[in-house]
Amino acid sequence: FQLYGYCYQDSNDIPDTLTTITELGSPLEMIQLLQASWEDRFRICLSLVRLLHYLAHSPLGSVTLLDFRPRQFVIVDGELKVTDLDDASIEESSCTSNSDCFMEFPARNFTLTCSVEGRCQSMNEKRNLYNAYRFFFTYLLPHSAPSSLKPLLDKIVNATGNHTKHGHMEHFLFHPSPSVNSEFTQKCVKSANTKYRRVPEAFIPDENYRCWPSYHHKGCLLSVFDVNEAIEICDSYSQCKAFVLTNQTTWTGRQLVFFKMASNHIMPDPDKITYVKVTD
């Protein structure tokens, strides 16, 4: 969380009080996240992995969030940030044997190694990782993901569930660019038989229809890798008769495209390109 300022107050009425001023975020609603595009959910998971990495290597040592639930987080500019640090702890559990390092969760349990110093090895990091898996990754990553990514995403989700976040997960999430723009987010596009007429510097202001997921609540606005993917999407919707390439991109560089149900009214627009389906 971005800290803008703080004030320490020590008086008879309110002793030892610290007031902080932080950036404003939106409450995390899991249902809304599941309705968002996979690309946006991937971005949230990316920010969560970066948070996990920071908590494991913070200047204070390994930090665990004892109350690691969605209500403890907010969304700021499309990224996940923790907002409640009351239950944060830097204490690693003490032990005399491995049996003292038992971690119990609703779905499964783990036993960690007791170090020669008498501390459960990486317990803080492992607790954060498994909570991230059961509250976030297992829902947000596989749901409606591009088919070409599902095998790799399954490996990532399984790795977090087994307390091994390295390897594929760090490469996939810590290094999203330029890979995420090509290998990771480009779908396998089949050659389309439908022909489209290209109309440069043109836009269709109306003729909207709704689709899911969409970046626009009153229309069908999706991200594509290139024109071929836009053609494939338009061909997959029976009501789609045209689409408009905008000059806007998502955070990964994918282009935003409006899909339209007709092309009766085309207006000039120097920042857009319209493709109209050719009918026999």
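For the structure itself, look to the data block above.
Residues numbered from 1 in each chain as written. Predicted model: local features only at pLDDT ≥ 70, side-chain atom pairs only at ≥ 80, totals over all residues. Heavy atoms only, no water.

Peer 1: Tell me about a nonpolar patch on the surface, and name the residues and values.
Peer 2: On the surface, L3, Y6, Y8 and L18 cluster together into a nonpolar patch covering about 490 Å² of accessible area. Relative to the elements of secondary structure, Y8 occurs in strand β1 (residues 3-9). (Patch = residues over 30% accessible without salt bridge, like charges linked within 9 Å, V, L, I, M, F, W, Y side chains within 5 Å. Areas by Shrake-Rupley, 256 points an atom, 1.4 Å probe, with all protein chains shown as cover. Salt bridge = Lys/Arg side-chain N within 4 Å of Asp/Glu carboxyl O. Helix = DSSP H or I, 4+ residues; strand = E, 2+ residues; numbered from the N terminus.)

Peer 1: Any chance you could break down the pattern of salt bridges for me, citing the residues and the numbers?
Peer 2: Inspection of every chain in the model, using the stated rule, returns seven salt bridges. Here E229 makes a salt bridge to R254, at a shortest N to O gap of 3.0 Å. Remark: R254 occurs in the loop between β12 (242-249) and β13 (255-260) and E229 occurs in helix α6 (residues 227-236); sequence separation between them is 25 residues. Residue classification places E229 among the buried residues on the basis of a relative accessible area of 1%. The salt bridge partner of K277 is D235, with a shortest N-O separation of 3.9 Å. Of this pair, K277 sits in strand β14 (residues 267-277) while D235 sits in helix α6, and the two are 42 residues apart along the sequence. Here the residues in one salt-bridge network are E39, E229 and R254, joined through shared partners. (Buried < 20%, exposed > 50% of the residue type's maximum accessible area, 1.4 Å probe, protein only.)

Peer 1: An account of the sheet that holds strand β10 (residues 196-203) is needed here, citing residue identities and associated values.
Peer 2: Backbone hydrogen bonds hold the strands of a sheet together, and the pairing may be parallel or antiparallel. Ordered by their spatial adjacency, five strands build an open sheet running β10-β14-β12-β13-β11, and the pairing between neighbours is antiparallel. Looking along the sheet, the strands with just one partner apiece sit at the ends: β10 and β11 (220-224). When the angles between neighbouring strand axes are averaged without regard to direction, this sheet yields 30°. Against the sheet, α6 makes contact with β10, β11, β12, β13 and β14, and its axis sits at roughly 135° relative to β12, the strand it touches most. (Pairing = 2+ DSSP bridges. Axes fitted to C-alpha atoms, helices over the stretch in contact; angles between N-to-C directions. Contact = heavy atoms within 4.5 Å.)

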